[in-house]
Amino acid sequence: GESVGLHLPTLSVQEGDNSIINCAYSNSASDYFIWYKQESGKGPQFIIDIRSNMDKRQGQRVTVLLNKTVKHLSLQIAATQPGDSAVYFCAENWDDSWGKLQFGAGTQVVVTP
Amino acid sequence: SAVISQKPSRDICQRGTSLTIQCQVDSQVTMMFWYRQQPGQSLTLIATANQGSEATYESGFVIDKFPISRPNLTFSTLTVSNMSPEDSSIYLCSALLAISYNEQFFGPGTRLTVL
């Protein structure tokens, strides 16, 4: 289930299940979106990206879905593994501020055996 | 993928002092950025580090407090000046690479504690 912690919402997932992490983005002009994974003590690591002319993109075990109508982004992780435990951030970018990422609040994913 | 290193990895400093953080990228870089991540929170962009010219700061961040240098394509420094406990954060540099265009890589961060 999902709960709101002191700083970050937490998603608890059983190992082997699928995870869905949601993100609401702020700027309707955003045309590029990225999901990052951040493990404790490390910098964010690129997972997958999507441009606004797409509504779905798949990677290895991950799928990103984009709904521009409601400004919503989601990351699906298939067959979640203990190594997927981390904080996940969505980030958005728009053309006239290329490279300047605006990050979402983040979701802590905890994978239980 | 690029390797981005930062020095120091962590430091504990007294209020009123300054700390300079170094960022080195091992690939050809087009753009470099500095972010701040306060404890348990998300990342906030401080500035874009421009090679050979003044950095471009985001709202709420000023050059006097966070002077930035970028003397060449692959190296940048961020100084946190006249520190107060509110500056305790993780500071991260990031880079867009010439070969990847979209993918922005992050360094491991510098964890700063101000007493």
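Bear in mind that the values here come from a model prediction, so they are computed numbers and not experimental data.

Here is what the cut-offs are and how they apply
- Residues numbered from 1 in each chain as written.
- Chains lettered and ligands numbered in written order.
- Predicted model: local features only at pLDDT ≥ 70, side-chain atom pairs only at ≥ 80, totals over all residues.
- Heavy atoms only, no water.
- Helix = DSSP H or I, 4+ residues; strand = E, 2+ residues; numbered from the N terminus.
- Rg over C-alpha atoms; globule rule 2.2 N^0.38 Å.
- Buried < 20%, exposed > 50% of the residue type's maximum accessible area, 1.4 Å probe, protein only.
- Contact = heavy atoms within 4.5 Å.
- Areas by Shrake-Rupley, 256 points an atom, 1.4 Å probe, with all protein chains shown as cover.
- Lys, Arg positive; Asp, Glu negative; His and termini not counted.
- Charge placed at Lys NZ, Arg CZ, Asp CG, Glu CD.
- Phe/Tyr/Trp six-rings, centres within 6.5 Å; stacked < 30°, edge-to-face > 60°.
- Buried area = accessible area lost by both parts, 1.4 Å probe.
- Salt bridge = Lys/Arg side-chain N within 4 Å of Asp/Glu carboxyl O.
- Polar contact = N/O pair within 3.5 Å; in protein donor to acceptor, adjacent residues only side chain to side chain.
- Disulfide = S-S within 2.5 Å.

Caption draft 1: How the structure looks around the overall build of chain A. The helix and strand tally for chain A stands at zero helices and 11 strands. Counting helices and strands in the order they occur from the N terminus, chain A gives β-β-β-β-β-β-β-β-β-β-β. Over its C-alpha trace chain A gives a radius of gyration of 14 Å, about what one expects of a compact globule, namely 13 Å for 113 residues. Within the span of chain A, comprising 113 residues, buried residues form 46% of the whole. Considering only intrachain contacts with a sequence separation of at least 6, the fraction spanning at least 24 residues in chain A is 52%. Summed over all atoms, the accessible surface of chain A reaches about 5,700 Å², with 47% contributed by carbon and sulfur. Put simply, chain A has 9 plus and 11 minus side-chain charges, and the middle of one group is 3 Å from the middle of the other.

Caption draft 2: Focus on the packing of aromatic side chains. All names here are of chain A. Counted by the stated rule, this structure contains 10 aromatic pairs over all chains. On the basis of an interplanar angle of 35° and a centroid distance of 5.6 Å, the ring pair of tyrosine 36 and phenylalanine 103 is categorised as tilted. Of this pair, tyrosine 36 sits in strand β4 (residues 32-38) while phenylalanine 103 sits in strand β10 (residues 102-103), and the two are 67 residues apart along the sequence. Judged by relative accessible area, which is 0%, tyrosine 36 ranks as buried. Between phenylalanine 89 and phenylalanine 103, the ring centres sit 6.1 Å apart and the planes meet at 85°, which makes this aromatic pair edge-to-face.

Caption draft 3: Expanded view of the interface of chain B and chain A. Of the residues lining the interface, 22 residues belong to chain B; the matching set on chain A comes to 20 residues. Approximately 1,600 Å² of surface area, both sides summed, lies buried where chain B meets chain A, with 55% of it carried by carbon and sulfur atoms. A salt bridge links Glu58(B) to Lys100(A); the shortest N-O distance between them is 3.1 Å. Between the two partners, chain B and chain A, sit six residue pairs in polar contact (both at pLDDT 80 or more). Every element with two or more residues in the side of chain B that touches chain A is listed here: β4 (29-37), β5 (43-49), β9 (89-97) and β10 (104-106) of chain B.

Caption draft 4: Broad picture of the state of the cysteines. Applying the stated criterion to the full structure yields two disulfides over all chains. Here Cys23(A) connects covalently by a disulfide to Cys90(A), the sulfurs 1.6 Å from one another. Of this pair, Cys23(A) sits in strand β3 (residues 19-24) while Cys90(A) sits in strand β9 (residues 86-93), and the two are 67 residues apart along the sequence. Neither Cys23(A) nor Cys90(A) differs from the other in exposure class; each is buried. Disulfide pairing is shown between Cys23(B) and Cys93(B); the S-S distance is 1.9 Å. Between Cys23(B) and Cys93(B), the S-S dihedral sits near 70°, and the bridge is therefore right-handed. Within this pair, whereas Cys23(B) is found in strand β3 (residues 19-25), its partner Cys93(B) is found in strand β9, the two being separated by 70 residues in sequence. Cys13(B) carries a free sulfur, and the closest cysteine sulfur to it, the one in Cys93(B), is 17 Å from it.

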